[in-house]
2 protein chains.
Amino acid sequence: MLNIGAETLVLTHDMLAEGVHFIADADPADVAWKLVATNLSDLAAKGAEPLGVLLGFMLGPDDARFADGLEEVLGHYGVPLLGGDTVSGGPPRAYGLTAIGRATHRPVPSRAGARPGDALYVTGPLGTAMMGFEALRDGTGADSTAYRRPMARLAEGQALAPVATAMMDVSDGLLLDAARMARASGATIAIDGARVPLATPERRRQDALRWGDDYELLFTAPEGATLPIPAHRIGTVHPREGAPLLLDGKPLTEADGLGYEHG
Amino acid sequence: MLNIGAETLVLTHDMLAEGVHFIADADPADVAWKLVATNLSDLAAKGAEPLGVLLGFMLGPDDARFADGLEEVLGHYGVPLLGGDTVSGGPPRAYGLTAIGRATHRPVPSRAGARPGDALYVTGPLGTAMMGFEALRDGTGADSTAYRRPMARLAEGQALAPVATAMMDVSDGLLLDAARMARASGATIAIDGARVPLATPERRRQDALRWGDDYELLFTAPEGATLPIPAHRIGTVHPREGAPLLLDGKPLTEADGLGYEHG
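Because the structure is predicted, anything quoted here is derived from the model rather than measured. (Residues numbered from 1 in each chain as written. Chains lettered and ligands numbered in written order. Predicted model: local features only at pLDDT ≥ 70, side-chain atom pairs only at ≥ 80, totals over all residues. Heavy atoms only, no water.)

1. Overview of the packing of helix α1 (residues 28-45) of chain B against helix α2 (residues 63-77) of chain B
Residues and elements named next belong to chain B.
Step number 1: Running from N to C, α1 and α2 point in directions that differ by 35°, and their axes come no closer than 6 Å. Crossing handedness for the pair α1 and α2: right-handed. Along its contact with α1, which presents Pro 28, Ala 29, Val 31, Ala 32, Trp 33, Leu 35, Val 36, Ala 37 and Leu 40, the element α2 presents Arg 65, Phe 66, Gly 69, Leu 70, Glu 72, Val 73, Leu 74, His 76 and Tyr 77.
Step number 2: Taken together, the residues of the contact of α1 with α2 sort by class into 14 nonpolar, two polar and two charged. (Axes fitted to C-alpha atoms, helices over the stretch in contact; angles between N-to-C directions. Helix = DSSP H or I, 4+ residues; strand = E, 2+ residues; numbered from the N terminus. Left-handed = near helix turned anticlockwise from the far one by under 90°. Contact = heavy atoms within 4.5 Å. Nonpolar A, V, L, I, M, F, W, Y, C, P; charged D, E, K, R; others polar.)

As structure tokens, then:
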């Protein structure tokens, strides 16, 4: 974050690497979409309005298709490409994106603000990306859009910023990201697994709690606070005692395989 | 560039790729230095004061040494690391850096502002990086600092911004960069080769005019303008006629091999 005159800027830089974040034969247009959307999701979690992006691009065999996807996603969000650089390199290739946003509320929400007694919410159902990934992998013909082209919850993040005590996007799995929020806040977060809204069959609940890439917002707010948008109450913040996470009363740590940890 | 309230931000994103911008056995501390310095040099050419950087980092075998160099260069320039991301990947590896600066003068100088009748200047001698590179390559023991750890002319850029009609840094060779300035400005730039200050023996003059990586500032100013810092007068801007560049009266284009063009 950066204070400029009366404004606070929020800056993010996320990379996507072939073989880590996308497979070699992924549609480059989808890779471009995901690169932008994941960075904008970081801005969403800060309640920031995007002002522009800069792209670090590694030249490859299907760059026109990447450019198509880039144009689509920037058009969708109304965000300008402010600059960037291209290099030859790879495979494996990697792309980097910097997103710049303007904070719409101060203090800017962080993952460190959850307080004992706060209620824990998520903005939407989990497992959409998992179902999309499996549809693609298994060639079922079911819709894979949520996996290929995730959405940044920009409007939701801006609406929630004044009321959220802590906020982050669910990128690496609900349980893992909740544990990170708990550690950053010096608290223990208790999740009621049955209350987590799912986009999957019930039998996949445990998987959906650990799958990432949905980019819903996970946030805390004071118990009883009126929320500006609909959200799902899934837990409560407690004083820190033992593990950072309680799932249906059972203590969990990162060592229990809470989600997706990538290099 | 981005206007925020009463301020104008200058944003740059440059990448360094193994095998293109640095060799595999380069000291990672020097690579980190160069990555930051080249981006800050872009800010210098805009007369901008750096506010911070974000790093896109590809993990590798000697990351502690990279971190050392990063700390040194950020400390040298007093610039904070605001964020970034790391991924596994490579070889070949690539690093990206976004630098954010605050314009100290508006309009912000660009390479497109050279006007017929303007005088052309360079802030310092050319060929320092070339001599450093050759010292390293040939193991002569001569000083290679200028090649390994280039300097961004931040103070010079800020001093010159109010008087320069066009400004850029010499990153890919004086002749090539001057041709780019001429094309962007719709002008022809005439350079008096003998007046270009050199850090090399006289017999290397033609090489020094084509070697990059010195990061001196190349700028134009109205004939007779008082300059706030010492600079070397090396040419004059003419109305565009034929080639973008005249070297000692001889027309040259990019096809003549003016400098270093990388992918």
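Additional details are given in the paragraphs that follow.
2. Description of the domain arrangement of chain A
All names here are of chain A.
Step number 1: The domain architecture assigned to chain A consists of domain 1 (2-103) and domain 2 (119-256).
Step number 2: Centre-to-centre, using C-alpha coordinates, domain 1 lies 23 Å away from domain 2.
Step number 3: Contacts between domain 1 and domain 2 engage 20 residues on the former and 17 residues on the latter.
Step number 4: Across the domain 1 to domain 2 interface the summed buried area is about 1600 Å²; carbon plus sulfur atoms make up 55%.
Step number 5: Contact with domain 2 buries area across many residues of domain 1, yet Asp 30, Lys 34 and Ala 45 alone supply 31% of it, more than any other trio.
Step number 6: The interface formed by domain 1 and domain 2 contains four salt bridges.
Step number 7: Notably, a salt bridge pairs Glu 72 with Arg 149, separated by 2.9 Å at the nearest N-O pair. (Domains from an automatic or database assignment. Buried area = accessible area lost by both parts, 1.4 Å probe. Salt bridge = Lys/Arg side-chain N within 4 Å of Asp/Glu carboxyl O.)

3. Looking at the relation of the copies chain B and chain A
To go from the first copy of the chain to the second, apply a rotation about an axis and then a shift along the same axis.
Step number 1: It takes a turn of 180° to lay chain B on chain A, together with a shift of 0.0 Å along the axis; the resulting RMSD is 0.0 Å. The two molecules are tied by a two-fold rotation axis, judged by turn and shift.
Step number 2: The overlap is high: 100% of the interface residues of chain B also sit at the interface in chain A, so the same surface is used on both sides. (Least-squares fit on C-alpha atoms with pLDDT ≥ 70 in both.)

4. Looking at the pattern of salt bridges
Step number 1: This model, assessed by the stated rule, comprises 38 salt bridges over all chains.
Step number 2: For B:Arg148, the salt bridge goes to B:Asp30, with nearest N and O atoms at 3.1 Å. Of the two residues, B:Arg148 is situated in helix α4 (residues 145-148) and B:Asp30 in helix α1; the sequence distance between them amounts to 118 residues.
Step number 3: In this structure, B:Arg115 and B:Asp118 form a salt bridge, with 4.0 Å as the shortest nitrogen-oxygen distance.
Step number 4: According to the relative accessible area criterion, B:Asp118 is buried, its value standing at 4%.
Step number 5: One salt-bridge network, in which partners are shared between bridges, spans A:Asp30, A:Glu72, A:Arg148 and A:Arg149. (Buried < 20%, exposed > 50% of the residue type's maximum accessible area, 1.4 Å probe, protein only.)

5. Some thoughts on the interface of chain B and chain A
Step number 1: With 32 residues of chain B in contact, the opposing surface of chain A contributes 33 residues.
Step number 2: The junction of chain B with chain A conceals about 2600 Å² of combined surface from both sides, 75% of it contributed by carbon and sulfur atoms.
Step number 3: On the chain B side of the contact with chain A, B:Ile4, B:His13 and B:Met15 bury the most area, a combined 22% of that side's loss.
Step number 4: Between chain B and chain A we count zero salt bridges in total.
Step number 5: At the surface where chain B touches chain A, the tally comes to three residue pairs in polar contact (both at pLDDT 80 or more).
Step number 6: Element by element, the count of residues in the side of chain B that touches chain A is highest for strand β2 (residues 7-17) of chain B, at eight residues.
Step number 7: Along the lines of polarity and charge, the residues of the side of chain B that touches chain A split into 19 nonpolar, ten polar and three charged. (Polar contact = N/O pair within 3.5 Å; in protein donor to acceptor, adjacent residues only side chain to side chain.)

6. Focus: the packing of aromatic side chains
Step number 1: In this structure the tally under the stated criterion is 18 aromatic pairs over all chains.
Step number 2: When the centroid spacing of 5.1 Å and the interplanar angle of 15° are considered together, the rings of A:Tyr121 and A:Phe219 count as stacked. Of this pair, A:Tyr121 sits in strand β6 (residues 119-122) while A:Phe219 sits in strand β9 (residues 217-221); the two residues are 98 residues apart in sequence, bridging distant segments of the chain.
Step number 3: Classification of A:Tyr121 as buried rests on a relative accessible area of 9%.
Step number 4: Among the residues examined, A:Phe219 registers a relative accessible area of 0% and is labelled buried.
Step number 5: Judged by centre distance (5.2 Å) and plane angle (20°), the rings of B:Phe57 and B:Tyr95 are stacked. Residue B:Phe57 is found in strand β3 (residues 48-59), and its partner B:Tyr95 is found in strand β5 (residues 94-103); the two are separated by 38 residues along the sequence. (Phe/Tyr/Trp six-rings, centres within 6.5 Å; stacked < 30°, edge-to-face > 60°.)

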